[in-house]
Amino acid sequence: MAKVYNLFLSLCLAAIIPAFQANILDNTTYAKQHINLVDNEYWKERATIARKLSEEAYFPDPHALSRNFSSIIIEDIAGSKHVRRNLNGQRAGVACEATNNIDRCWRCDPNWADNRQKLVNCVQGFGRNTTGGKGGPIYIVTSPADNDMVNPKPGTLRHAVTRDGPLWIIFAHSMNIRLNQELMVSSNKTIDGRGVDIYITKGAGITLQYVNNVIIHGIKIHDIVPGTGGLIRDSESHFGFRTRSDGDGISIFGASNIWIDHVSMRKCSDGLIDAIMGSTAITISNSHFTDHNDVMLFGANDQHTIDKVMQITLVFNHFGKRLIQRMPRCRFGFVHVVNNDYTHWEMYAIGGSSKPTIISEGNRFVAPDNNNAKEVTKRVTNDDWKNWQWRSINDEFVNGAFFVQSGPELVKRPFSSKDMIVGKDGSYVQRLTSFAGSLKCRVGQPC
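Residues numbered from 1 in each chain as written. Predicted model: local features only at pLDDT ≥ 70, side-chain atom pairs only at ≥ 80, totals over all residues. Heavy atoms only, no water.

### Thoughts on the packing of aromatic side chains
- The full count for this structure, using the stated rule, is 9 aromatic pairs.
- Between F365 and F397, the aromatic rings sit 5.7 Å apart at their centres with planes inclined by 15°, giving stacked as the arrangement. Of this pair, F365 sits in strand β28 (residues 364–366) while F397 is found in strand β31 (residues 396–398), placing the two residues 32 residues apart along the sequence.
- Given a relative accessible area of 0%, F365 falls into the buried group. (Phe/Tyr/Trp six-rings, centres within 6.5 Å; stacked < 30°, edge-to-face > 60°. Helix = DSSP H or I, 4+ residues; strand = E, 2+ residues; numbered from the N terminus. Buried < 20%, exposed > 50% of the residue type's maximum accessible area, 1.4 Å probe, protein only.)

Here it is in structure tokens:
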């Protein structure tokens, strides 16, 4: 009888504690709402391992990494022969429309489909050590079905992402996948949608919880809704009870070494991309975002000092039509926002609290016609925000947009004239982001 009572109590507690409510609740009970009490010991062990991996992925000097990345971008724009020699996939005499150094690394190779895993050589920024499924076999998804959360059918995406060991996941043909519950992706996976049209739509979203080393590339994610919860598999050896998911497109929770590239996203119930609870070593690049309110949340609660390890690069993205705010909204951590095109917002573009470091570099900000929404930045605080290091370097401001800087000047930082070279402002951004979003790649041709 006691066992039955304990099980009943656990299920009741789990039912009232939502699994991922990142954008919905910003309060001190947030952490408790992310712990699945039915599987508490399992997730505690996963959290301990993930925390260690996050600490290993943390760069003690993030300025040095962002400096190196900035130099590569600017030299690439200027046509440095030295840089181009190091871009994998570049072939003499082959016409290529790739417009930034990440894309030039692979898109100019007409045989990209014969060596898909070469993509891992192309990631830059804080997620630069991400290798995804490199070294593992190719797994071909043949069915869009998602009917069994515990014993997913071989050939489905859910079966692929819950296998042990590295896998490079591709798709046999174009497909619309409606996820009945959140898709729990295990470590060392690449979801590669190149060559076909892959839609994750009208169902639950993708969850990266306490995992390491994941690449999501070349897919479309839109109209995501909360999952109701239930028994869901997260690896070959484990499934457990999950409470209601919150409707994020991609939820990154206590994860590290994550690269999201050439993804198109819109209309999710909560955030498009959230990174919380000590997630770090993340690059989000070449992606296109439209039709959303709370676009990105980096750090969910002012009490979660674990997010001081958070380091995220946003680069070559297009923040497009009908966006309102949070591009991103940050707490703690270090966020490098470089060479992105902000063509639409209704409230503000970049915001934060809890003293995050935000370096905005070479972006283009096109303000809305609303005179009350010209400011790029928004700070939520009762503290002395003037000490927060929010710096704008060579950004381009259009239609009255302006960036309120704060904190010490970057005297000891390596953003010198030599490092910036010809990156005078964001005037190159339209070219750099001209292929943002999911690409129409065809096998046998440069992408």
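Read on for the rest.
### Describing unusual backbone geometry
- Note that the residue after M327, namely P328, is joined by a cis bond; omega there is 5°.
- Topologically, P328 is positioned in the loop between β22 (323–325) and β23 (329–331).
- We note that N213 has phi near 75°; this positive angle belongs to a residue other than glycine.
- Along the chain, N213 turns up in strand β8 (residues 212–217).
- Phi is positive for F332, close to 55°, though the residue is something other than glycine.

### Notes on the sheet that holds β23
- Pairing is parallel in the open sheet, where 8 strands are placed in the order β4-β7-β12-β15-β19-β23-β26-β29. Each edge of the open sheet is held by one strand with a lone partner, namely β4 (183–184) and β29 (377–379).
- When strand β12 (residues 250–253) meets strand β15 (residues 273–276), the two strands line up parallel, connected through 4 bridges. Within β15, the residue paired with S251 across the bridge is D274. (Pairing = 2+ DSSP bridges.)

### A word on the pairing of strand β2 (residues 167–171)
- Buried residues dominate β2, accounting for 5 of its 5 residues.
- Direction of pairing for strand β1 (residues 138–141) relative to β2: parallel, over a ladder of 4 bridges. Within the sheet, the bridge partner assigned to Y139 lies in β2 and is I169.
- Here β2 runs beside strand β5 (residues 189–192); their pairing, made up of 3 bridges, is parallel. Looking at the pairing, L167 lines up with K189 of β5.

### Points about the nonpolar core
- Membership of the largest hydrophobic core comes to 64 residues, with the highest contact counts inside it found for L208, I250, I252 and F298.
- Leaving out residues up to four positions away in the same chain, I250 has contacts with I206, L208, I216, I221, I260, M265, L272, I273 and D274.
- Within the second largest apolar cluster, 19 residues are counted, among which are W168, V315, L432 and C447. (Core = buried A, V, L, I, M, F, W, Y, C linked by side-chain atoms within 4.5 Å. Contact = heavy atoms within 4.5 Å.)

### A closer look at the confidence of the model for the protein
- Across the protein, the average pLDDT comes to 83, with 79% of residues at or above 70.
- Note on residues 1–38: pLDDT under 50 across the span, and 80 contacts to partners over four residues away in sequence or across chains.
- Contacts for the low-pLDDT stretch residues 78–94, under 50 throughout, to residues beyond four places or in other chains number 31 contacts. (pLDDT = per-residue confidence, 0-100.)

### So, helix α2 (residues 40–57)
- For α2, spanning 18 residues, the distance from its first C-alpha to its last is 25 Å, which sits close to the expected 26 Å at 1.5 Å a residue.
- Looking only at α2, the buried set comprises Y42, W43, R46, A50, S54 and A57. Buried residues in α2, looked at end-on, bunch into an arc of 95°, giving them a common side. Pointing more than 90 degrees away from the buried face of α2 are the exposed residues E41, E45, T48, K52 and E56. (Expected span 1.5 Å × (residues − 1). Arc of directions from axis to C-beta.)

### A short note on the environment of S187
- Looking at where S187 falls in the secondary structure, it is placed in the loop between β4 and β5.
- A sequence separation of 71 residues divides S187 from I258, and the C-alpha atoms of the two residues are 10.0 Å apart.
- If we ignore the near neighbours within four places in the chain, the residues touching S187 are G165, V211, N212, N213 and V214.

### Regarding the state of the cysteines
- Here the structure, examined in full by the defined rule, presents 2 disulfides.
- Between the sulfur atoms of C105 and its disulfide mate C122 the distance is 2.2 Å. Measuring handedness by torsion sign, the sulfur bridge of C105 and C122 sits at about -75° and is left-handed. Taken together, the positions of C105 in the loop between α5 (101–104) and β1 and C122 in the loop between α5 and β1 put the pair 17 residues apart, joining distant regions of the chain.
- Residue pairing for C441: its cysteine sulfur links by disulfide to C447, the two sulfurs lying 1.6 Å apart. (Disulfide = S-S within 2.5 Å.)

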